[in-house]
Amino acid sequence: MTRRRSSAMTAGPYLPTYRQVKSVNIPGAKSKEGPRTAPSRHRPARQRTRCEHVVQFYNDDDVLLDSVTQFVAAALALHDGVIVLATAGHREALERRLESDGCEWTAARASGCYVSLDAGEILAQLMVDGQPDRERFADVLGGLIERVLSVAPRVSAFGELVSLLWAVDRGDAAVALEKLWNEWVDSHPLSLHCAYAISDLGKEAARDYFTDVCAEHHAIIHSPNYFDAGVAGAE
């Protein structure tokens, strides 16, 4: 399968509410260049022309949640399906934000278009001998994607599975999981938003796989002070 991703910081028509630039700054962190104008949060996105896989490097939970809430709300506005695979804290905070902004996520959940599951529990079902297993991925996540696609034309997924692996110095397993996700992004109407905490990128083990992680994505979203995180070779 031909990969069309690059280790450079590239972007495509994913999350159309963000400008399409080499890398995308997220509001919420100070920069020497000053704050950039941010798009209106949760503004419905234009119709996506193709599905993509994007990674966000964040240094603050509010920054991450702003981005993910916008991503989810835009998908629901298009009547797309949504899958959230995140920590309990992030799942609860996301749903509070959706509720406060008047997004009818509960109706989507009742119809099967919105599914929210614990990232740790799902990850445990995918792993064999310390690595994500392709067959288990197809059974667990592939089955979930197909189920949501039975009631929605496309799926937008937010996942923290790779972040959990990265946090315990399993960069090799995180990259392997990113590759499995890409097999489904390339073959299904699926857009994926994953996230890594910048604090975890400073670990020596993480640096060995940083470029590999970037190479598995169409676009990278980062905070303005991202390069101050001490990630060797990030530039």
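Residues numbered from 1 in each chain as written. Predicted model: local features only at pLDDT ≥ 70, side-chain atom pairs only at ≥ 80, totals over all residues. Heavy atoms only, no water.

## Considering the side chain of S191
Heads up, the condition is: Think of it this way: any DSSP run of H or I at least four residues long counts as a helix, any run of E at least two long counts as a strand, and we number them from the N terminus. For every residue, the accessible area obtained with a 1.4 Å probe (protein chains only) is divided by the maximum for its type, and the residue is called buried under 20%, exposed over 50%, and partly exposed between those limits.
Counting through the fold element by element, S191 comes out in strand β8 (residues 190–197). Here S191 falls in the buried class, since its relative accessible area comes to 0%.

## Quick look at the confidence of the model for the protein
Convention followed: Residue-level confidence of the predictor, termed pLDDT, takes values from 0 up to 100. Any two residues whose heavy atoms approach within 4.5 Å at even a single point are treated as in contact.
Averaged over every residue, the pLDDT of the protein is 78; residues scoring 70 or more account for 71%. Confidence drops under pLDDT 50 across residues 6–49; counting only partners more than four residues distant or on other chains, this segment forms 106 contacts. In the predicted structure, residues 226–235 sits below a pLDDT of 50 and forms 17 contacts with residues beyond four places in sequence or in another chain.

## Digging into unusual backbone geometry
The backbone of H79 sits at a positive phi, close to 65°, despite the residue not being glycine. Mapped onto the elements of the fold, H79 is located in the loop between α1 (61–77) and β3 (81–86). Of note, the phi angle at D129 is positive, near 55°, even though the residue is not glycine. If you trace the backbone, D129 turns up in the loop between β5 (127–128) and β6 (131–132).

## Quick notes on the pairing of β3
Operational definition: Strand pairing requires that DSSP identify at least two bridges connecting the strands.
Taken across its six residues, β3 has six buried, putting it largely inside the fold. Of the two faces of β3, the one holding G81, I83 and L85 and the one holding V82, V84 and A86 are both buried throughout. Bridge analysis of β3 against strand β4 (residues 114–118) gives five bridges, and the strand direction is parallel. When the bridges of β4 are listed, L85 appears paired with L117.

## Quick word on empty space enclosed by the protein
For clarity, the cut-off: Cavities and pockets are defined on a 1 Å grid built over the protein atoms alone: a cavity is a set of grid points where a 1.4 Å probe fits but cannot escape, while a pocket is an open set with protein on both sides within 12 Å along at least five of seven lines, and lining residues are those with an atom within 4 Å of any such point. Grid points are joined across faces, edges and corners, and a volume is the space filled by probe spheres set on the points. Residues are grouped as follows: Ala, Val, Leu, Ile, Met, Phe, Trp, Tyr, Cys and Pro are nonpolar; Asp, Glu, Lys and Arg are charged; every other residue, Gly included, is polar.
As enumerated under the stated definition, the model contains two cavities of 30 Å³ or more in all. Counted as a void, the second largest cavity has a volume near 40 Å³. Elements that contribute at least two residues to the lining of the second largest cavity include exactly α6 (161–167), α7 (171–187) and β8. Residue classes in the lining of the second largest cavity are distributed as five nonpolar, one polar and two charged.

## Remarks on the pattern of salt bridges
Worth spelling out the cut-off: Take a side-chain nitrogen of Lys or Arg and a carboxyl oxygen of Asp or Glu: if they are within 4 Å of each other, that pair is a salt bridge.
Under the defined criterion, the tally for this structure stands at six salt bridges. Put simply, K179 and E216 hold a salt bridge, and the shortest N to O gap is 2.9 Å. Within this pair, whereas K179 is found in helix α7, its partner E216 is found in the loop between α10 (210–215) and β9 (219–222), the two being separated by 37 residues in sequence. Here the residues in one salt-bridge network are D62, D66 and R97, joined through shared partners.

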